[in-house]
Amino acid sequence: MEIKNIKHGRKDYKMQREVRTRYAPSPTGYMHIGNLRTALYEYLIAKSQNGKFILRIEDTDQERLVEGAVDIIYKTLKLCGLQHDEGPDIGGPYAPYVQSERKDTYLPYAKELIEKGHAYYCFCSKERLDALRKEAEEKGQTYMYDRHCLGLSKEEIEEKLKSGQPYVIRQKMPREGSTSFEDAVYGTITIENNMLEDQILIKSDGLPTYNFANVIDDHLMGITHVVRGSEYLSSTPKYNLLYDAFGWEIPVYVHLPLIVKPDGSKISKRKGDAGFHDLIEMGYLVKAIINYIALLGWSPESNQEIFSLEELVKEFNIKHISKSPSAFDMDKLRWFNAQYIRAMTPDEFYEHARPYLEKAITNKNIDLKKVSKLLQARTEVLTEIPSKVGFLNELTDYDLNIYVHKKMKTTLENSLESLKAAVPVLESIEDWNEETIHNKLLELVNQMGIKNGQLLWPIRTAITGWEVTPGGAVEIADLLGKEETLRRVHIGIERLEKALAGNC
RNA sequence: GGCCCCAUGGUCAAGCGGUUAAGACACAGCCCUUUCACGGCUGUAACAGGGGUUCGAGUCCCCUUGGGGUCACCA
């Protein structure tokens, strides 16, 4: 009862403490979409409680280091607006924030553990370990370190140390009982202690393993909420044993469900799955990506779907994080992207579309801004722009059958009539713009006593040569200009006449 | 294989013992309309299976099945 009260008091204290989360990537050069979401949630958890978001680089595995990877991390966080409050590039009260630069801080803690009886030196060679592993495998057993070095006497250890024999430091796990912990999303998790291996804390190169460094650094840096992927769920008891051995307060754990591919398998760089930067290159907007992944594994209380980062900060709540893995759905991302495109002002969209338009449209007479207006409601992903505007450059050969449209009630014959009738009307337009073209053409429709489509469909067909185009006859005629429009209409007339004559 | 976790339409998901089981994407149809889009409306579609508990179970418990994670001197 008393203990319970103490714990309770501690919890209250914790609630008053400043919330501190950390994003702790290892610099391997690829921004996995799941990692990004972890960073996002860490940011949201901190910011929604007026806390701090810290960036820490976990580079204790020097073999996996990738040049420039840290810059990718900075760049991505910045692009996404996930501005950290402390980190290697901006410093902070707990610097340094790169684990390789904190190399010397870990060993003393490991030694403290040895003194307390929670860890021990191990001099086993890689060969011996491999042989052990192989043997276990052949017997169909689960390999676990046999504690060979636990029995070493103090003298033996001294001697080996003195002779410079390479060593690691292992955590000594309890062999009986079980360890439970509370996860903010998964609830209580219990694992039998005999499932816990005497994991390595300090590697033979003197650097700590993740398993050790994360505990030391999280404590030293005052991290209150440890947020990470659910793959760490089963090793969390090991970390808690460490916290307990040191007498440190255990942080709040927030394990996140995985993001998987539509077929349920996990996303991997090796299989060529798209990372964050690939999505950007594919024409997706940063804000759309953030919005989408925020909703992959978390849901707001309302039915709102479109969220700015600021709104997410307001709405985010750990309680609504789900436990089951979610599939990354490109279609839905596309939809979000389209939503963001439509929400832009015409000028904003133009700025985004311009690079694509400039590359795709070689016809210098075309007003790109007008094209951009036509495209905004018809674009879901920026990269699809080029495929929609080719007809503006030049009129290519087209199948005359596209003049025939059932719903428009157009045929080769009446298309020819319409085009012929349109020529003098178009020629008579002095001030060539959408309004004048529109008015004149509709006037003609009235005169001819036909439906709009019967005149406009053939014109659009003649001046584009495409069955489907962004914009109708009027907009496109305006874009092409009077001369080019008439030139293309005449080509249409010629080709239709030829075809009809041939048929008779 | 041992251990851990998960399980509502094709996908993302709401739901906290009593609901006609939301909403979104995708799909289909209709409307708008000079094509295509946009927009609007409508529709198809789900509680994995079996046992309990309860007056009553998607909601709680157990089993089965399925999926995922984890078992490194990687994180």
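About the cut-offs
- Residues numbered from 1 in each chain as written.
- Chains lettered and ligands numbered in written order.
- Predicted model: local features only at pLDDT ≥ 70, side-chain atom pairs only at ≥ 80, totals over all residues.
- Heavy atoms only, no water.
- Salt bridge = Lys/Arg side-chain N within 4 Å of Asp/Glu carboxyl O.
- Helix = DSSP H or I, 4+ residues; strand = E, 2+ residues; numbered from the N terminus.
- Buried < 20%, exposed > 50% of the residue type's maximum accessible area, 1.4 Å probe, protein only.
- Contact = heavy atoms within 4.5 Å.
- Near = heavy atom within 4 Å.
- Polar contact = N/O pair within 3.5 Å; in protein donor to acceptor, adjacent residues only side chain to side chain.
- Nonpolar A, V, L, I, M, F, W, Y, C, P; charged D, E, K, R; others polar.
- Pairing = 2+ DSSP bridges.
- Right-handed = clockwise from strand over helix to strand, strands pointing away.
- pLDDT = per-residue confidence, 0-100.
- Phe/Tyr/Trp six-rings, centres within 6.5 Å; stacked < 30°, edge-to-face > 60°.

(A) How the structure looks around the pattern of salt bridges. Tallied over the entire structure, the rule returns 28 salt bridges. Across the pair K116 and E112 runs a salt bridge whose closest N-O atoms are separated by 2.8 Å. You can see K116 and its partner E112 sitting in helix α4 (residues 103-116), 4 residues apart, about one turn around the helix. Residue classification places K116 among the partly exposed positions, given a relative accessible area of 41%.

(B) A look at unusual backbone geometry. A cis amide bond links A95 to the next residue, P96, at an omega of 0 degrees. The topology assignment puts P96 in the loop between α3 (69-80) and α4. A positive phi angle is found at N50, which is not glycine, with a value near 55 degrees. Tracing the backbone shows N50 in the loop between α2 (33-47) and β2 (52-55).

(C) Spatial organisation of the environment of A360. Here A360 is to be found in helix α13 (residues 346-360). With relative accessibility at 16%, the residue A360 sits in the buried group. With 339 residues separating them along the chain, A360 and T21 place their C-alpha atoms 45 Å apart. Among all residues touching A360, those that are not within four sequence positions of it are P386, V389 and N393.

(D) View of the protein's contact with RNA strand B. Around RNA strand B, the surrounding shell holds 63 residues, and the nearest of these are K203, G297, E305, R378 and G471. A share of 71% of the atoms of RNA strand B within 4 Å of the protein falls on sugar and phosphate groups. The side chain of E58 places a nitrogen or oxygen atom 3.2 Å from a sugar or linking oxygen of RNA strand B. Within the backbone of T469, one N or O atom sits 2.8 Å away from a base nitrogen of RNA strand B. The set of elements that each furnish at least two residues to the surface near RNA strand B consists of β6 (187-192), α7 (210-220), β11 (326-327), α12 (330-343), α18 (452-464) and α19 (473-480). The element that contributes the greatest number of residues to the surface near RNA strand B is α18, accounting for 5 residues. A class-by-class count of the residues in the surface near RNA strand B yields 23 nonpolar, 22 polar and 18 charged.

(E) Quick look at the pairing of strand β8 (residues 225-229). Counting buried positions along β8 gives 5 out of 5 residues, so the element sits mostly inside the fold. Pairing between β8 and strand β9 (residues 252-256): 5 bridges, direction parallel. Counterpart to R228 in the pairing with β9 is H255. Each parallel crossover has a hand, and for β8 linked through helix α8 (residues 236-246) to β9 it is right-handed.

(F) Structural view of the confidence of the model for chain A. Looking at chain A, the pLDDT average stands at 94 and 96% of residues meet or exceed 70. In this model, residues 1-14 is a region of pLDDT below 50 whose contacts with residues beyond four sequence positions or in other chains number 5 contacts.

(G) Structural view of the packing of aromatic side chains. Counted according to the given criterion, the structure contains 18 aromatic pairs. Ring centres of Y41 and F316 lie 5.0 Å apart, and the angle between their planes is 55 degrees; this geometry places the pair in the tilted category. Residue Y41 is located in helix α2, and its partner F316 is located in the loop between α11 (309-315) and β11; the two are separated by 275 residues in the primary sequence. Classification of Y41 by relative accessible area gives buried; the value is 0%. You can call F316 buried: its relative accessible area is 7%. Aromatic pair Y43 and F53: ring centres 5.6 Å apart, planes at 90 degrees, arrangement edge-to-face. Taken as a pair, Y43 in helix α2 and F53 in strand β2 lie far apart in primary sequence, 10 residues in all. With respect to class, Y43 is no different from F53; both count as buried. One aromatic cluster is present, built from ring pairs that chain together Y41, W298, F307 and F316.

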